[in-house]
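Residue-level listing of the chains:
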Amino acid sequence: MIVHIVMFKFKDENKDSNIKEVAKRLNALVELVPALKSMEVGVNFTLSERAFDLSLYSTFETKEDLLSYAVHPEHLKVVELIKSVTAESKVVDYFL
């Protein structure tokens, strides 16, 4: 199994509403992208300089499934939104 984790730091403008919208759209991907086995989206509550605002933890059966998710049209729509409302992101992918 493949684990894909991404953390996002959002821009200040409309931050709370953007976080909610991105979380909603990410959660919807489970029903829209067949290669996506599971996804958990979490909104941060820690007030630390090191903290990011939102994270996602998703799983895939294979690396090929992760690659097909990356280019899936529904995922790309969410990526477009995320790029417009975030200042920074970090990712890690690993075998479980």
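Residues numbered from 1 in each chain as written. Predicted model: local features only at pLDDT ≥ 70, side-chain atom pairs only at ≥ 80, totals over all residues. Heavy atoms only, no water.

Novice: Can you tell me about helix H3 (residues 73-85), naming the residues and giving the values?
Specialist: The terminal C-alpha atoms of H3, which comprises 13 residues, lie 19 Å apart, in line with the 18 Å expected from a rise of 1.5 Å per residue. Three or more residues of H3 are buried, namely His 75, Val 78, Leu 81, Ile 82 and Val 85. Summarising the axial view, the buried residues of H3 lie within an arc of 120°, below the 170-degree limit, and thus occupy one face. Across H3 from its buried face, at more than 90 degrees, point the exposed residues Pro 73, Glu 80 and Lys 83. (Helix = DSSP H or I, 4+ residues; strand = E, 2+ residues; numbered from the N terminus. Expected span 1.5 Å × (residues − 1). Buried < 20%, exposed > 50% of the residue type's maximum accessible area, 1.4 Å probe, protein only. Arc of directions from axis to C-beta.)

Novice: Tell me about the side chain of Asp 53, and please be specific about residues and values.
Specialist: Take Asp 53: it is sitting in the loop between strand E2 (38-43) and strand E3 (54-60). On the basis of relative accessibility, which here comes to 12%, the residue Asp 53 falls in the buried class. For Asp 53, the residues in contact, after removing those within four places along its chain, are Phe 8, Lys 9, Phe 10, Lys 15, Ile 19, Gly 42, Val 43 and Asn 44. (Contact = heavy atoms within 4.5 Å.)

Novice: Would you mind going over helix H1 (residues 15-32) in detail, with residue names and values included?
Specialist: The first and last C-alpha atoms of H1 sit 26 Å apart over 18 residues, in line with the 26 Å expected at 1.5 Å per residue. Buried within H1 we find Asn 18, Ile 19, Val 22, Ala 23, Leu 26 and Leu 29. Mapping the buried residues of H1 onto a view down its axis gives an arc of 135°, with all of them on the same face. Within H1, the exposed residues directed more than 90 degrees away from the buried face are Asp 16, Lys 20, Lys 24 and Glu 31.

Novice: So what's going on with the sheet that holds strand E1 (residues 2-10)? Residues and values would help.
Specialist: Consider a sheet: its strands pair through backbone hydrogen bonds, and that pairing is either parallel or antiparallel. The four strands are arranged E2-E3-E1-E4 in an open sheet whose pairing can be described as antiparallel. Every other strand in the sheet has two partners, leaving E2 and strand E4 (86-95) as the edge strands with one partner each. The average angle at which neighbouring strand axes cross in this sheet is 15°, direction not considered. Sheet analysis places E1 next to E3, joined by seven bridges and oriented antiparallel. Its bridge partner being in E3, Phe 8 is matched across the sheet by Leu 54. Its contacts with the sheet put helix H2 (residues 63-70) on E1, E2, E3 and E4, and the angle it makes with E1 is roughly 35°. The strands that H3 touches are E1 and E4; relative to E4, the one it contacts most, it runs at about 130°. (Pairing = 2+ DSSP bridges. Axes fitted to C-alpha atoms, helices over the stretch in contact; angles between N-to-C directions.)

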